[in-house]
Amino acid sequence: MMRISINQVREMKQNGEKITMLTSYDYATAKIVDEVGIPLILVGDSLGMVVLGYESTIPVTMEDMLHHTKAVVRATKNALVVGDMPFMTYQVSVEDALRNAGRFIQEAGCQAVKLEGGVTVAEKVRRIVQCGIPVMGHIGLTPQSINQLGGYRIQGRSPEAASRLLQDALALEDAGAFSIVLETVPAPLATLISQRLTIPTIGIGAGAGCDGQVQVINDILGSFTDFVPKHARQYAKLTDVIRKAVSDYFSEVKSGAFPTDKQSFTMDESVLAELKAK
Ligand code: KIV
């Protein structure tokens, strides 16, 4: 079976079929996500926070992203894998943006890249797309600009900010983006933007009117609890499961209950006897 293509993603919007995207950062998890049939997997720079323990996504490097994207690509057969371009790998120049987008496709083997920003990055998006690399846009709350935004807060509430977001979305569509993430945007504004665009919108904290939804996998699994965003629903509480398994292992090693014969290996008695006789 071939991987999902960007044309199929666009067709999902045309057919009114909701699009699901989920992040993954490692082989074992991505394999499950792919087997379930999630069509879009984002190797998000959110890995800086949920995998590497940074306070923001800003310290994440190209090498971090390539390393994790390669693992996700190796694990998957069907999903379209999107690599997230980290801070300062596309902002400085069109050449930088192109070279780094190319590394995602050529070295990591993913099928598309994502970058943050609207009107200000539109020319970079256009060049990357012209060179044959599909681009997903990302507007609204753009975590790489957290210092400029002044915190993880809802975007596009004032008339000026709402109008800017619509202009950003239209600029990305015009530049050739195949879809756009709308993050932490009022639901009615996200609905209006989704209706104005021919390409799909993928919302996170942007309400049900988007063409699809994306979540950070650790948020839906309950495996990262430093903070739980309002937009996330926990479908499991993995931290509780992991804590119990680790403490059971800890006490069983101490008590001698682990390992048993079942987890051990035997050998020929005569070899042992010979050794003892020496
Ligand atoms: O890095 C990420 O995981 C993202 C999603 C939240 C859209 O950008």
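Whatever comes next refers back to the structure up there.
Quick caveat: nothing in here was measured; it's all calculated off a predicted structure. (Residues numbered from 1 in each chain as written. Predicted model: local features only at pLDDT ≥ 70, side-chain atom pairs only at ≥ 80, totals over all residues. Heavy atoms only, no water.)

Within this structure, the stated rule accounts for two aromatic pairs. Both rings, one in Phe-224 and one in Phe-227, keep their centres 5.8 Å apart while their planes meet at 90°; by these two values the pair is edge-to-face. Overall, the relative accessible area of 12% leaves Phe-224 in the buried class. When the ring of Tyr-249 is compared with that of Phe-258, the centres are 5.8 Å apart and the planes differ by 70°; the resulting orientation is edge-to-face. Accessibility expressed as a relative area gives 32% for Phe-258, which makes it partly exposed. (Phe/Tyr/Trp six-rings, centres within 6.5 Å; stacked < 30°, edge-to-face > 60°. Buried < 20%, exposed > 50% of the residue type's maximum accessible area, 1.4 Å probe, protein only.)

We now examine the site of the ligand. Looking at the ligand, the residues that line it are Thr-23, Leu-42, Gly-44, Asp-45, Ser-46, Asp-84, Lys-114, His-138, Val-181, Ile-204 and Val-216. Contacts to the ligand include Asp-84, whose side-chain N or O atom sits 3.1 Å from an oxygen atom. Separating an oxygen atom of the ligand from a side-chain N or O atom of Lys-114 is a distance of 3.0 Å. Compared with its free state, where it exposes 260 Å², the ligand has 96% of that area covered by protein. Most atoms of the ligand, that is more than half of them, are within 2 Å of grid points of the largest pocket. Here the residues of the shell around the ligand sort into four nonpolar, four polar and three charged. (Near = heavy atom within 4 Å. Polar contact = N/O pair within 3.5 Å; in protein donor to acceptor, adjacent residues only side chain to side chain. Areas by Shrake-Rupley, 256 points an atom, 1.4 Å probe, with all protein chains shown as cover. 1 Å grid on protein atoms, 1.4 Å probe; cavity = no way out; pocket = protein on both sides within 12 Å on 5 of 7 lines; lining within 4 Å. Sits in = over half its atoms within 2 Å of the grid points. Nonpolar A, V, L, I, M, F, W, Y, C, P; charged D, E, K, R; others polar.)

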